[in-house]
Amino acid sequence: MTTTTPAPKQGFHFGDIRKMFGGNTSSLRQFGILGSLIVIVLLFELLTLLHNGPGGATLTPGNLINVVNQYSFILILAIGMVMVIIMGHIDLSVGSVAAFVGIIVAKSMAEWNLPWPLAILLGLGVGALVGAWQGFWVAYVGVPAFIVTLAGMLFFRGAQQFIGDAQTIPVPKGFQVIGTGYLPELAIPLNFNVLTMLLALVAVAWLIFWEIRTRRVQRRMGSEMAPAWVSVTKVVLLSIVVLAAGWMFATGRPGTSFPVPGLILLALVIIYSFLTRNTIFGRHIYAVGGNRQAARLSGVKDRWVDFFVMMNMSMLAALAGMIFVARSQASGPNDGTGWELDAIASVFIGGAAVAGGIGTVIGSIIGGLVMAFLNNGLALLGQGADVVAMIKGLVLLFAVGIDVWNKQQGRPSLIGLLTRRRHQKDAPNLTDYPTSAAGTASGKKETPSS
């Protein structure tokens, strides 16, 4: 039996726009949150323009660099938190674990004269031990993660205060690079940072390569392909955004460029996106989060998956804590306060489901950027911490509320709503298939007709 590739439909079809955002898997919140981020950035650019006089303050090289430096540790936490939430768990201890590791690393360099590279390895090792401890209770004892991490939040916060004696401990210059460093300047007489622009060009090349590879795989497998204009438009738009952002990072004040914390974050996004989307273990995470009993019957070792996800979360918390300490140039008694709330909010705003089984690394990063630009924009407008907290709370409530409402209304995506009639004409009749398949496709249970 030969497989033939469906011929692309001629002319413009509104449904093709959906494929620019990932096809049938793009829900209202998965790609709508990206539009929300763009609206928020442009809104604050306009408001700061009106508030501060000529020139907005949001889309400036210095402000973008500050956003990356100030919120990279929260975005790193969001990467681990989305895996925890996909599994149906929650981790309330990440802020306390980050602070606990931060004080140990700072003391190891200040009092034990440990070289900073070894101190970083020590911090990651402590994070792994903490995660293994909490993962044991969740995976093998069966205590709910909410209770385990709540206990961890209290214990490790107290341990941080006990070890540090509520004092501030400075860290050496070499260690500070992971929190305050930038891509170096090359001996080339240009008015921008060459390495930053090279990084942006590499990102554009990767976008082009990935789109070409995706189309080749679709053609080889006989899958439906988006028209060529959709792929070209998507790559061009994304390339413009990447190059514009790269130019702003490369043309900041002298001595600055793309920050080292941003490089660490970018590497983690690539690694964990690949892990969750292209590996067996990543599929196991979604399988267990979607239906634990079915995954267990399929041979998935769900306890081991629980254990690894919890341990991984604490290791990322340890890394985030060290980056924050490096940026602050010292470990203090109030480090990590409230970080878990920002990380959890980033994941839910980025499209993760409260019940588990749904969520992406990229979506969580976009959700974290929404929170970051909300904080940053309100600070640029001179608003206090009270107003910032209230607005962040409302944003989180509405984001999850919209998700719940859409599911209750049977409207999983905006594009699906707009093109429902078209798909009713093109799609096969679900009554030709078994009842369970119809129920799965519609999202509701169906009863067999007599």
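Residues numbered from 1 in each chain as written. Predicted model: local features only at pLDDT ≥ 70, side-chain atom pairs only at ≥ 80, totals over all residues. Heavy atoms only, no water.

J.: Sorry, what's going on with the overall build of the protein here?
T.: Along the backbone of the protein there are 19 helices and 2 strands. A buried classification covers 46% of the 450 residues belonging to the protein. Sequence-distant contacts in the protein: of pairs separated by 6 or more residues, those separated by 24 or more amount to 77%. For the protein, the accessible surface area stands at approximately 23300 Å², while carbon and sulfur atoms represent 68% of it. (Helix = DSSP H or I, 4+ residues; strand = E, 2+ residues; numbered from the N terminus. Buried < 20%, exposed > 50% of the residue type's maximum accessible area, 1.4 Å probe, protein only. Contact = heavy atoms within 4.5 Å. Areas by Shrake-Rupley, 256 points an atom, 1.4 Å probe, with all protein chains shown as cover.)

J.: What am I meant to see in the nonpolar core here?
T.: Counting residues in hydrophobic clusters, the biggest one holds 72 residues, and the most contacted among them are L77, I79, M81 and F175. Ranked by residues supplied to this core, first place goes to helix α13 (residues 302-328) with 14 residues. F44, M248, I349 and L381 belong to the second-largest nonpolar core, a separate cluster that totals 26 residues. (Core = buried A, V, L, I, M, F, W, Y, C linked by side-chain atoms within 4.5 Å.)

J.: Explanation requested: the packing of aromatic side chains in the structure shown.
T.: How two aromatic rings sit relative to each other is set out by the distance from centre to centre and by the angle between their planes. Within the structure shown, the criterion is met by 15 aromatic pairs. One aromatic cluster is present, formed by W133, F136, W137, Y140 and F307 through successive ring pairs. (Phe/Tyr/Trp six-rings, centres within 6.5 Å; stacked < 30°, edge-to-face > 60°.)

J.: Looking at this structure, I do not really get the environment of P254. What am I missing?
T.: With respect to the helices, strands and loops of the structure, P254 is situated in the loop between α9 (228-250) and α10 (260-278). Note: C-alpha distance between P254 and F192 (62 residues apart in sequence) is 9.0 Å.

J.: In this structure, what is going on with the layout of surface pockets? I would like to understand it.
T.: Taking a probe equal in size to a water molecule and rolling it over the atoms shows the remaining empty space. As a volume, the second largest pocket reaches approximately 430 Å³. Along its surface, the second largest pocket is lined by 24 residues, and Y71, D342, N375, V388 and K392 are the ones closest to its centre. Breaking the lining of the second largest pocket down by element, the ones donating at least two residues are α3 (61-86), α13, α14 (339-349), α15 (361-380) and α16 (385-409). Here the lining of the second largest pocket is built from residues that sort into 13 nonpolar, 8 polar and 3 charged. (1 Å grid on protein atoms, 1.4 Å probe; cavity = no way out; pocket = protein on both sides within 12 Å on 5 of 7 lines; lining within 4 Å. Points joined across faces, edges and corners; volume = space filled by probe spheres on them. Nonpolar A, V, L, I, M, F, W, Y, C, P; charged D, E, K, R; others polar.)

J.: Just checking my understanding: could you explain a nonpolar patch on the surface for this structure?
T.: On the surface, W133, F136, W137, Y140, V141 and W304 cluster together to form a nonpolar patch covering roughly 630 Å² of accessible area. Sort the elements by how many residues they give to the nonpolar patch and helix α5 (residues 116-141) lands first, with 5 residues. One can find W304 in helix α13. (Patch = residues over 30% accessible without salt bridge, like charges linked within 9 Å, V, L, I, M, F, W, Y side chains within 5 Å. Salt bridge = Lys/Arg side-chain N within 4 Å of Asp/Glu carboxyl O.)

J.: Please explain helix α4 (residues 94-110) as it appears in this structure.
T.: Along an α-helix, residues three or four apart share an orientation, since each turn contains 3.6 residues. Taking 1.5 Å of rise per residue, 17 residues should cover 24 Å, and α4 covers 24 Å from first to last C-alpha, within 8% of that figure. Most of α4 sits inside the fold, with 16 of its 17 residues counted as buried. (Expected span 1.5 Å × (residues − 1).)

J.: Got a minute to help me understand helix α7 (residues 173-180) in this structure?
T.: Those residues of α7 lying buried are F175, Q176, I178 and G179. Down the axis, α7 shows its buried residues gathered within 145° of arc, on one side only. (Arc of directions from axis to C-beta.)

J.: What am I meant to see in the packing of α7 against α13 here?
T.: A packed helix pair is summarised by two numbers, namely the angle formed by the two axes and the spacing between the axes. It is the contact of α7 with α13, at a shortest axis distance of 7 Å, that shows an interaxial angle of 110°. With respect to α13, the element α7 is oriented roughly perpendicular. Judged by the twist between their axes, the crossing of α7 over α13 is left-handed. Every residue of α13 that contacts α7 at F175, Q176, I178, G179 and T180 is listed here: M322, I323, V325, A326 and R327. Residue composition of the contact of α7 with α13, by class: 6 nonpolar, 3 polar and 1 charged. (Axes fitted to C-alpha atoms, helices over the stretch in contact; angles between N-to-C directions. Parallel < 35°, antiparallel > 145°, perpendicular 65-115°, else oblique. Left-handed = near helix turned anticlockwise from the far one by under 90°.)

J.: Quick question: what am I supposed to make of the side chain of S314 here?
T.: Relative to the helices and strands, S314 is located in helix α13. With residues up to four places along the chain from it excluded, the contact list for S314 reads V97, G127, V130, G131 and Q134.

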